[in-house]
Amino acid sequence: MKARSRCLLVLLAVVALPELVSAQSLQLQVESRDIYAELPFTLSLSAQGFEEEPQPEPPELAIEGAAVTYLGVTPNVSSRIQIINGQRSERRDVTFMYRWRIETTAAGTYTVSPLTVSQGGLSASSRPASFTARDIATTNDMIVRMDLPDRPLWVGETFDVGIEWLLRRDVGEQEFVVPLFDNEYIQVESTATGRERTLAFRAGAGQVDLPITQDEMVDGGVPYTRFRFPARISVTRPGPIEIDPVMVAASLETGTRRDSFGFPVPAYELFKAEGERRRLVVRALPLEGRPPGFENAIGSGFSIDVQASRTVVQVGDPIDLSIEIRGDGPLEGLSLPALSGADGLLPQLFSVLDTATVGTIDADRNAKTFDVTVRVRSAEASEIPPLPFSYFDPEAGEYATAVSRPIALSVAGSSLIGAADVTVAPAAAETSVQSAASAPSATSGAGLASLTGADMSLSASGRTLSEVWVLDDLILALAVLYVLPLVVVAGRVWLVRTGGRRGRARELRQALRDVDGALASGAPAREAVPQVVNAMRALARIAHRKAAPQASVLERLETRAFDPSVADRPLDSKLAEEVRALAREWADEGTARAAAPTRGAVTFVIALAFIIGAAAFAQSAQTELDSSLALARDIYQTALGEDDRVRRTRLFAEAEQQLRGIAARRENAPEVLTDWGNAALGAQDLGRAVLAYRRALNVSPTHERARNNLAWLRDRAPVWFPRPVERGALDSLFFWHHSLAAAERHLIGAFAFAFGVLLLAPWSARRARVLRRAAVPLLIVWIGATGSAILAAGDSRDAVVLSDGTVLRSADSLGAPPTLGNPLPAGAELSILETREAWTRIALTDGTRGWVASSTIESVSR
């Protein structure tokens, strides 16, 4: 069902324009092998022969009885250069791929109306097409249902939803249709932590990966295996929402069948199960009792804590405030309320320089930190006053306000105010102190207020998924470069050492021919016998048969030559045949002695051919283009053009999630890894940005965008955090260690080894010394390049901190004291020394060592 074997739906009209090099044409395709009612599929329209600019508008597609959702357009541009008779010509082919999601409501035949794509004076129209949707049988062997809250909900409230799937038989492929996830007023969020199994669900134009839990249960007296997929849902519009039933279509095992080789394999048949129609009632937030400072925080248990970079200042000095909001509610869209006002920072005492900060989320602590700069305007300022944060509690159905603790200030020209002079309630003071102890300092790392100086461009669309060579791709080439020269050298040595034996084999064959010629001459016995005896003596000498001339056969032969009664007649045929047999016996023995040393060489060559053939068979094919790349690039481009900072960050976060999945499948493509890093940087996810850039440089050490952006992020790390060690004079001498990937160094070393070994072969005695001297630098290059590539395996211990507030502790326990005074910032680069279950011992670049939670870091190598 999910196999994407693109099958041709119907060929449409080709519009021929004589004055154009290539005509305009349209072609419809579906990305599913079969089409079923109630299961969505993707319909693509390929438009060829148009100019690259401007992009043609998508045609209006309407199919009676089916829901049609436009997914977007992707332009593909390819260039071809031809040189014929010295004339160079270049041609660019442009293809626009339009995509729609189609969902039919019932089985039957559906008609696709003619579609038209126009661009200036160019146009192409299609003929009507049709497709048939088949029905899916139902079964009692599986049940699907959706758990929803049984109470009225509030707009903006985040609540838990669970998809339950009960099975009684083994299942193959499956596809879920959850209409709630496709609602334009619904936001779906996964609860996955990144370590459990997940399943992809369609959500609008994208997808969401939900975690999987599995257990056994009994429903209605029938045992089932239950799979549960939890999600978190937010509704952005008040009012009732009618929800169509959730549906799953799955291939269930129905028996066995025989495969093409005759072996029994499971047989599967497609079935479906549907849940019940549901209804949600969403209420608007009440206007009564709404605090003036309320922005958009909805949840429970919120708190606010404020930390100041310094407390002794002069009038006009800036103070950096780190404001941390914690609570049980969505943090992605959480905004910081206005700080200036009667309930916060009085305008006559403070001026707020920047309140548009996006904030950095710490998912482990369920906290969001905002960095704001304020400036002291009056010497009468004695404290950073308590700052309010208002939110709506959906469970209580009312608004609430949390207040931070005040921070005492000493401003030049005013009296020194101590912390004891600030009056706070005991409970509030205790909470504030606890928050201060657990909160990251102002320098622990936070979201970047500006991306000025970073290269936020995307890669060229045609190069995004291009992968570079890695060691696995070069196994066959390296095997040939290492083994084949050794075979050549071994063969050459064998030729030199066995030259005499092979010459003796030729002499044996010639001596045997001389014997046969003398016996077949037909001359009288007294003339033929001396020739035969001389030939036999020569054969015996070559075959090392010292007693051969005294053999009884030869004695009878000489007797025949001196017998007057037969001396004038030809040799007796029987006696001649005995002589031939004896000659062949001697020749076979001599040939066996000369050929014995060659058997080992032949065996070695056959074994080498088998190894190389097996290595060639083991090479794997390249993966296909990921279908979500175009969607990720569109989201990223939309984020670049968005003026609102909050919406821009959300869009970058969506693009980062899409590109992260693509990068996981194309981990040797530096362009897509760098694009992922850029999306993470735009989403203020500095940890994943550094991780992506490091992985890009692992496979392509000279990648310019990744190197520049990684250096840009390193420059903005807290001043107390140790930077990676700069390269010294020794690194400059061995520059190739940092500018060439490990696979490239392995390949250079293999070539140097091959040529060096070939030069050591015994080609010519006169030039042997010169060739051996020439082999020395090549073997040195082999040792240096291969050794450098092997040492690079040590980089596999490198890792990156993913989230702010990661505490480096002196032992693998939450109760162990911190090793550093500040938590590690997101994007901190370190090395892994040891792993113990949920804890990892790490080392910073300056040698500082300690323990961190394993979930807060991720290894650079995969």
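Keep in mind that this is a model prediction, so the values were computed, not measured.

Enquirer: Residues and numbers for the overall build of the chain, please.
Expert: Scanning the chain for helices and strands turns up 17 helices and 39 strands. Summarising the internal contacts of the chain: among those between residues at least 6 apart in sequence, 68% fall at separations of at least 24. Only carbon and sulfur atoms are counted for the fraction: they give 53% of the accessible area of the chain, which is about 44,600 Å².

Enquirer: Kindly report on the packing of helix α11 (residues 670-682) against helix α13 (residues 704-715), identifying the contributing residues and their values.
Expert: Packing of α11 against α13 brings their axes to within 10 Å, and their N-to-C directions diverge by 30°. Judged by the inter-axis angle, α11 sits roughly parallel to α13. Handedness of the crossing formed by α11 with α13: left-handed. Counting all contacts with α11, which are made through Glu671, Thr674, Asp675, Asn678 and Leu681, the residues of α13 involved are Arg705, Ala706, Asn709, Trp712 and Leu713. Classifying every residue of the contact of α11 with α13 gives four nonpolar, three polar and three charged.

Enquirer: Account for unusual backbone geometry, naming residues and giving values.
Expert: A negative phi angle characterises most non-glycine residues, just as the trans form characterises most peptide bonds. Geometrically, the link from Glu53 to Pro54 is a cis peptide bond, its omega value of -10° lying close to zero. In this structure, Pro54 sits in the loop between β3 (41-48) and β4 (66-84). Phi angles above zero are rare outside glycine, and Asn366 is one such case at about 55°. Position of Asn366 among the secondary structure elements: in the loop between β28 (360-362) and β29 (367-376). Judged by its relative accessible area of 28%, Asn366 is partly exposed.

Enquirer: Describe the nonpolar core, with residues and values.
Expert: One finds Phe176 and Phe229 to be the most contacted residues of the largest nonpolar core, which totals 42 residues. Residues Leu458, Ala689, Tyr693 and Leu710 belong to the second largest nonpolar core, which totals 40 residues.

Enquirer: I'd like a description of the sheet that holds strand β23 (residues 278-283), backed by residues and values.
Expert: Two orientations exist for strands paired in a sheet by backbone hydrogen bonds: parallel and antiparallel. Reading across the sheet, the three strands line up as β12-β23-β20 and stay open at both edges, with mixed pairing between neighbours. The sheet is open, and its two borders are formed by β12 (153-154) and β20 (239-243), each paired with just one other strand.

Enquirer: Outline the packing of aromatic side chains, listing residues and values.
Expert: One pair of aromatic rings is described through two measures. These are the centre distance and the angle between the planes. Under the criterion given, the structure shown has 16 aromatic pairs. With 5.0 Å between their ring centres and 55° between their planes, Phe302 and Tyr391 make a pair best called tilted. One end of the pair, Phe302, is in strand β24 (residues 300-308); the other, Tyr391, is in strand β31 (residues 388-393), and 89 residues separate them in sequence. Ring geometry for Phe392 and Tyr399: centres 5.0 Å apart, planes at 70°, overall edge-to-face. The exposure class of Phe392 is buried, given its relative accessible area of 0%. Taken together, the aromatic side chains of Trp165, Phe176, Phe181, Phe201, Phe227 and Phe229 make up a single cluster linked through ring pairs. The residue whose ring lies beneath Arg237 is Tyr185, and the NZ or CZ to ring-centre distance is 4.0 Å. One residue, Arg283, lies across the ring of Trp154, its end atom 4.1 Å from the ring centre.

Enquirer: A description of the pattern of salt bridges should follow, citing residues and the corresponding values.
Expert: Any two side chains of opposite charge can pair if their charged atoms end up close together. Enumeration according to the criterion identifies 30 salt bridges in this entry. A salt bridge links Arg695 to Glu858; the shortest N-O distance between them is 3.0 Å. Here the residue Arg695 occupies a position in helix α12 (residues 686-699), and Glu858 occupies one in strand β39 (residues 857-859), the gap between them amounting to 163 residues. A relative accessible area of 7% means that Arg695 is categorised as buried. Among the ionic contacts, a cluster of salt bridges with common partners joins Arg145, Asp147, Glu164, Asp215, Asp219, Arg226 and Arg228.

Enquirer: Outline the sheet that holds strand β22 (residues 264-274), supporting the account with residue identities and numerical values.
Expert: Pairing is mixed in the open sheet, where four strands are placed in the order β10-β22-β21-β14. Of all strands in the sheet, those with a lone pairing partner are β10 (137-138) and β14 (171-177), marking the two edges. Two strands pair when backbone bridges link them, and β10 and β22 are joined in this way by two bridges, in the parallel orientation. Bridging across to β22, Thr138 finds its partner in Lys272.

Enquirer: Which residues make up the pairing of strand β38 (residues 849-853), and what values do they have?
Expert: Two elements, strand β37 (residues 839-843) and β38, share five bridges in a ladder whose sense is antiparallel. In the sheet register, Arg841 faces β38, and the bridge partner there is Trp851. As consecutive antiparallel partners, β37 and β38 are separated by five residues, and within that stretch Gly847 has a phi angle of approximately 95°, a positive value.

Enquirer: Before we move on, can you summarise helix α10 (residues 645-665) with the specific residues and values?
Expert: Note on helix geometry: an α-helix contains 3.6 residues per turn, so any two residues three or four positions apart are oriented the same way. Here α10 is 21 residues long and its end C-alpha atoms lie 31 Å apart, about the 30 Å a rise of 1.5 Å per residue gives. Within α10 the residues assigned to the buried category are Thr649, Leu651, Phe652, Ala655, Glu656, Gln658, Leu659, Ile662 and Ala663. The inward-facing, buried residues of α10 contact β17 (206-211), α9 (629-640), α11 and α12. The N-cap residue of α10 is Asp644: its side-chain oxygen and the backbone nitrogen of Arg647 are 2.9 Å apart.

Enquirer: I'd like to hear about the confidence of the model for the chain, residue by residue, with values.
Expert: Confidence in the prediction for the chain averages 78 pLDDT; 79% of positions are at 70 or higher. Low pLDDT (under 50) marks residues 611-625, which in the prediction has 14 contacts with non-local residues, meaning those over four places away or in another chain. Segment residues 727-737 is flagged for pLDDT under 50; beyond a separation of four residues in sequence, or across chains, it makes nine contacts in the model.

Conventions used here
Residues numbered from 1 in each chain as written. Predicted model: local features only at pLDDT ≥ 70, side-chain atom pairs only at ≥ 80, totals over all residues. Heavy atoms only, no water. Helix = DSSP H or I, 4+ residues; strand = E, 2+ residues; numbered from the N terminus. Contact = heavy atoms within 4.5 Å. Areas by Shrake-Rupley, 256 points an atom, 1.4 Å probe, with all protein chains shown as cover. Axes fitted to C-alpha atoms, helices over the stretch in contact; angles between N-to-C directions. Parallel < 35°, antiparallel > 145°, perpendicular 65-115°, else oblique. Left-handed = near helix turned anticlockwise from the far one by under 90°. Nonpolar A, V, L, I, M, F, W, Y, C, P; charged D, E, K, R; others polar. Buried < 20%, exposed > 50% of the residue type's maximum accessible area, 1.4 Å probe, protein only. Core = buried A, V, L, I, M, F, W, Y, C linked by side-chain atoms within 4.5 Å. Pairing = 2+ DSSP bridges. Phe/Tyr/Trp six-rings, centres within 6.5 Å; stacked < 30°, edge-to-face > 60°. Lys NZ or Arg CZ within 6 Å of the ring centre and 35° of its normal. Salt bridge = Lys/Arg side-chain N within 4 Å of Asp/Glu carboxyl O. Expected span 1.5 Å × (residues − 1). Polar contact = N/O pair within 3.5 Å; in protein donor to acceptor, adjacent residues only side chain to side chain. pLDDT = per-residue confidence, 0-100.

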